[in-house]
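Architecture at a glance
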Amino acid sequence: MGTEGADSSGGGWGRTARSLVLKTLVLVGGALVLKRLTKSTTRWDHARIVAESLAGQKFSRDQASRDPDHYFNLRMIMCPAAELLDGSRVLYYEQAFWRTSQKPFRQRFYMVKPCPKEMKCDVQLSSYAIRDMEEYKNFCDRPKDQRPLPEEAIGDIAEHLTTLYLKQCDRGKRCLYEGSTPPGGFPNSWNGAAFCTSELAVLKNNEIHAWERGYDDNGNQVWGVKEGPYEFKPAPTSRFSDMFSSVDFPLQSNENKRILGSFILQE
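Now for a look at the structure at hand. (Residues numbered from 1 in each chain as written. Predicted model: local features only at pLDDT ≥ 70, side-chain atom pairs only at ≥ 80, totals over all residues. Heavy atoms only, no water.)

In a regular helix each residue adds 1.5 Å, so 12 residues correspond to 16 Å; helix 2 (residues 43–54) covers 17 Å between its end C-alpha atoms and thus fits that length. Within helix 2 the residues assigned to the buried category are His46, Ala47, Val50, Ala51, Ser53 and Leu54. End-on view of helix 2: buried residues confined to an arc of 165 degrees, all on one side of the axis. Downstream of helix 2 by a residue or two, Gly56 has a phi angle that is positive, lying close to 105 degrees. (Helix = DSSP H or I, 4+ residues; strand = E, 2+ residues; numbered from the N terminus. Expected span 1.5 Å × (residues − 1). Buried < 20%, exposed > 50% of the residue type's maximum accessible area, 1.4 Å probe, protein only. Arc of directions from axis to C-beta.)

Next comes the structure, spelled out in structure tokens:
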């Protein structure tokens, strides 16, 4: 009986030990999974997300339909042009009226990279002029073998224009990232301006809200829409196959003044 009791006690201890080991493994495994799920986004992850969200063609058709007096149906398109040695991504940017999308009135390079560690932001988005804009016209619509090479694009980055500092949006908001130029904006001389400001929001559905305005020395707005940012939404090409869209009417001479005062024609 004594031996049987000892055997029974030993078996109980063995079962207890195995149970403890199993619980420990479950806890450790759970902690590892939780660590993976809650792993913080790196500085370069932020830059990658913004660059990928900006890429592609987007349209302001919905907004122009709602408010044709202040907004036009535009196509904005961006695509990768190069990557620098430090990992910064260079995107080519083009904007045009939808019905004349092959005749862009605005061309830029955008450089996307993490904010410097000492700054309270996540992504730095800088715009640059292009040395030979004609060479890059319709860049994103061309086959890759018919585009300037990445090293050529890097060499064609001209003067710096603006820089926006974006932060990841708080949970519960529609946006992924949002930000603006610093106080005071950047120098700009178009249409009597002394400086310009820019605001940008990257939404979760890859929608982009962009608002640029120019001000004179007295702080009066001299270009850019006053009502709010342009809203560019990704959309299937089929939605824009109607060449007789009521929004995209031919521009008449008496409309020039309104166009020049909009967000669009700032050059």
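So, next bit.
What you tend to see is this: most non-glycine residues have negative phi, and most peptide bonds are trans. At Asn138, a position not held by glycine, the phi torsion is positive, near 60 degrees. Within the secondary structure layout, Asn138 lies in the loop between helix 4 (133–136) and helix 5 (150–155). Phi angles above zero are rare outside glycine, and Asn206 is one such case at about 70 degrees. Looking at the element boundaries, Asn206 is found in the loop between strand 9 (195–203) and strand 10 (208–215). Classification of Asn206 by relative accessible area gives partly exposed; the value is 31%.

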